[in-house]
Amino acid sequence: YLNARFTDFAIAGATGNVQLAGNAPPQAPKVSINLGYQHVFHFTPGALTGRLQGHFESHSYFTFLNYPDDRQAGYVRADGFLTWNPVDAKWQVQAYVRNLTDKRILANASEQPLFGTYTYQFQDPRTYGLRVSTNW
């Protein structure tokens with residue numbers, strides 16, 4: 001839980017100083033929660049580990065101006081992993097899916113002062129793959 005607000009924050013504007021007291025700082029959601037569950041299933045030839053994790057974040061802004069166009073709405077993102085570790089092996093295989101719900105989540109938003117338009121960057125969409133790794 002974060003209750004971050006500017007108490008006295010004046011900036012120079014086109015018509016004089018603009019008071020931004022009460023605005024939230026950039027990327028400061030009021031609530032942020034991370035949860036995960038992992039379970040290991042042991043078998044004679046190795047272990048299979050399943051993991052689900054989730055992230056909840058309430059709305060936040062990307063600039064101190066708190067304009068609607070630089071606001072990220074609240075969201076939930078979930079990821080899943082399945083990892084195989086053979087007994088006495090120095091390698092493992094992991095299948096993963098990130099952003100299971102394929103939610104479109106902003107990573108950044110900024111106003112372009114010359115034209116008054118916005119540039120947006122997004123976090124990765126749903127991604128999945130297979131990773132093989134080794135331990136030395």
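Use the structure listed above.
A brief structural summary. Keep in mind it's a predicted model, so treat the numbers as computed, not measured.

## Let's talk about the side chain of Thr 83
Counting through the fold element by element, Thr 83 comes out in strand β7 (residues 75–86). Within the structure, the side chain of Thr 83 is placed 3.1 Å from the side chain of Gln 94, a separation counted as a polar contact. If we ignore the near neighbours within four places in the chain, the residues touching Thr 83 are Ala 47, Leu 48, Thr 49, Gln 92, Val 93 and Gln 94.

## Some thoughts on the environment of Gly 16
In this fold, Gly 16 is placed in strand β2 (residues 16–19). Since its relative accessible area comes to 29%, Gly 16 is described here as partly exposed. With 13 residues separating them in the primary sequence, Gly 16 and Asn 3 have C-alpha atoms 28 Å apart.

## Observations concerning the sheet that holds strand β4 (residues 46–57)
The five strands are arranged β3-β4-β7-β8-β11 in an open sheet whose pairing can be described as antiparallel. The open sheet has two free edges, formed respectively by β3 (32–43) and β11 (127–134), since each of these has just one partner strand. If you compare each strand with its neighbour and ignore which way they point, the axes differ by 15° on average. Two elements, β3 and β4, share 12 bridges in a ladder whose sense is antiparallel. Along β4, the bridge assignment pairs His 42 with Ala 47.

## Quick look at the packing of aromatic side chains
Under the definition given, this model contains three aromatic pairs. Arranged with centres 4.5 Å apart and planes meeting at 45°, the rings of Phe 6 and Phe 9 form a pair that is tilted. A cation over a ring is seen here: Arg 104 above Phe 122, with NZ or CZ 5.2 Å from the ring centre.

About the thresholds
Residues numbered from 1 in each chain as written. Predicted model: local features only at pLDDT ≥ 70, side-chain atom pairs only at ≥ 80, totals over all residues. Heavy atoms only, no water. Helix = DSSP H or I, 4+ residues; strand = E, 2+ residues; numbered from the N terminus. Polar contact = N/O pair within 3.5 Å; in protein donor to acceptor, adjacent residues only side chain to side chain. Contact = heavy atoms within 4.5 Å. Buried < 20%, exposed > 50% of the residue type's maximum accessible area, 1.4 Å probe, protein only. Pairing = 2+ DSSP bridges. Axes fitted to C-alpha atoms, helices over the stretch in contact; angles between N-to-C directions. Phe/Tyr/Trp six-rings, centres within 6.5 Å; stacked < 30°, edge-to-face > 60°. Lys NZ or Arg CZ within 6 Å of the ring centre and 35° of its normal.

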